[in-house]
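# Residue-level structure breakdown
Residues per chain, in single letters:
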Amino acid sequence: MADWLGAGCLVAGGLLSLAAGIGVLRFPDVLDRMHAATKPQVLGVLLLLAGVALRLRTPDDIGMIVLVAVFQLATAPVAAQMVGRAAYRSGRVDRSLLDTDELADEG
């Protein structure tokens with residue numbers, strides 16, 4: 001049963017990662033691409049890791065998989081924040097599309 005569940009997680013994770021890659025290529029602006037690169041990609045990687053953990057089931061492998069998952073969860077939001085901030089400061093973001101512009105100078 002765990003093998004079938006692991007296979008399902010692998011397929012779902014692969015499809016989410018594929019959707020994230022297509023979104024990065026097809027979305028029109030930086031903020032949309034940043035969203036596509038972080039949200040479904042992180043969930044896709046976590047599903048892939050869950051599928052691998054269900055297939056391997058050894059304590060050493062599961063420990064390594066947990067470390068990879070923690071690093072993925074820790075670095076993806078930070079990278080998205082830095083990409084969004086750099087895009088905003090370089091003028092690649094259409095500010096009229098923003099609901100709230102928290103980075104605007106209030107001087």
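### Some thoughts on the pattern of salt bridges
Evaluation of the coordinates by the stated rule reveals 2 salt bridges. The shortest N-O distance in the salt bridge between Arg55 and Asp3 comes to 3.6 Å. Within this pair, whereas Arg55 is found in helix α2 (residues 30–56), its partner Asp3 is found in helix α1 (residues 2–26), the two being separated by 52 residues in sequence. On the accessibility criterion, Asp3 (34% relative accessible area) is partly exposed.

### Structural notes on the nonpolar core
Judged by nonpolar contacts, Val45, Leu49, Ala53, Ile65 and Ala69 together constitute the single largest core of 5 residues. Of all the elements in the fold, those that place two or more residues in this core are α2 and α3 (59–89). No other element matches α2, which puts 3 residues into this core.

### Quick notes on the packing of aromatic side chains
One pass over the structure, following the stated rule, counts 0 aromatic pairs. When the ring centre of Tyr88 is taken as origin, the NZ or CZ atom of Arg95, which lies over that ring, is 4.2 Å away.

Conventions and cut-offs
In this numbering scheme, every chain counts its residues from 1 along its sequence in written order. A pLDDT threshold of at least 70 governs which residues receive local features in this predicted model, and a stricter bar of 80 or more applies before side-chain atom pairs are shown or counted, although totals over entire chains, interfaces and linings include all residues. Side-chain descriptors were evaluated using all non-hydrogen atoms of the structure, hydrogens and water having been removed beforehand. Put simply, a salt bridge is a Lys or Arg side-chain nitrogen that is within 4 Å of an Asp or Glu carboxyl oxygen. Secondary structure elements follow DSSP: runs of H or I of four or more residues count as helices, runs of E of two or more count as strands, with numbering from the N terminus. Partly exposed residues are those whose accessible area sits between 20% and 50% of the maximum for their type, while under 20% is buried and over 50% is exposed, using a 1.4 Å probe and protein chains only. Nine residue types can take part in a nonpolar core, namely buried Ala, Val, Leu, Ile, Met, Phe, Trp, Tyr and Cys, and a core is a set of them joined through side-chain atoms within 4.5 Å. Each Phe, Tyr or Trp ring (for Trp, its six-membered ring) is paired with any other whose centre lies within 6.5 Å, and the angle between the two planes then decides the class: stacked below 30 degrees, edge-to-face above 60, tilted in between. Placement of a positive charge over a ring is assigned whenever Lys NZ or Arg CZ falls within 6 Å of the ring centre and within 35 degrees of the normal to the ring plane.

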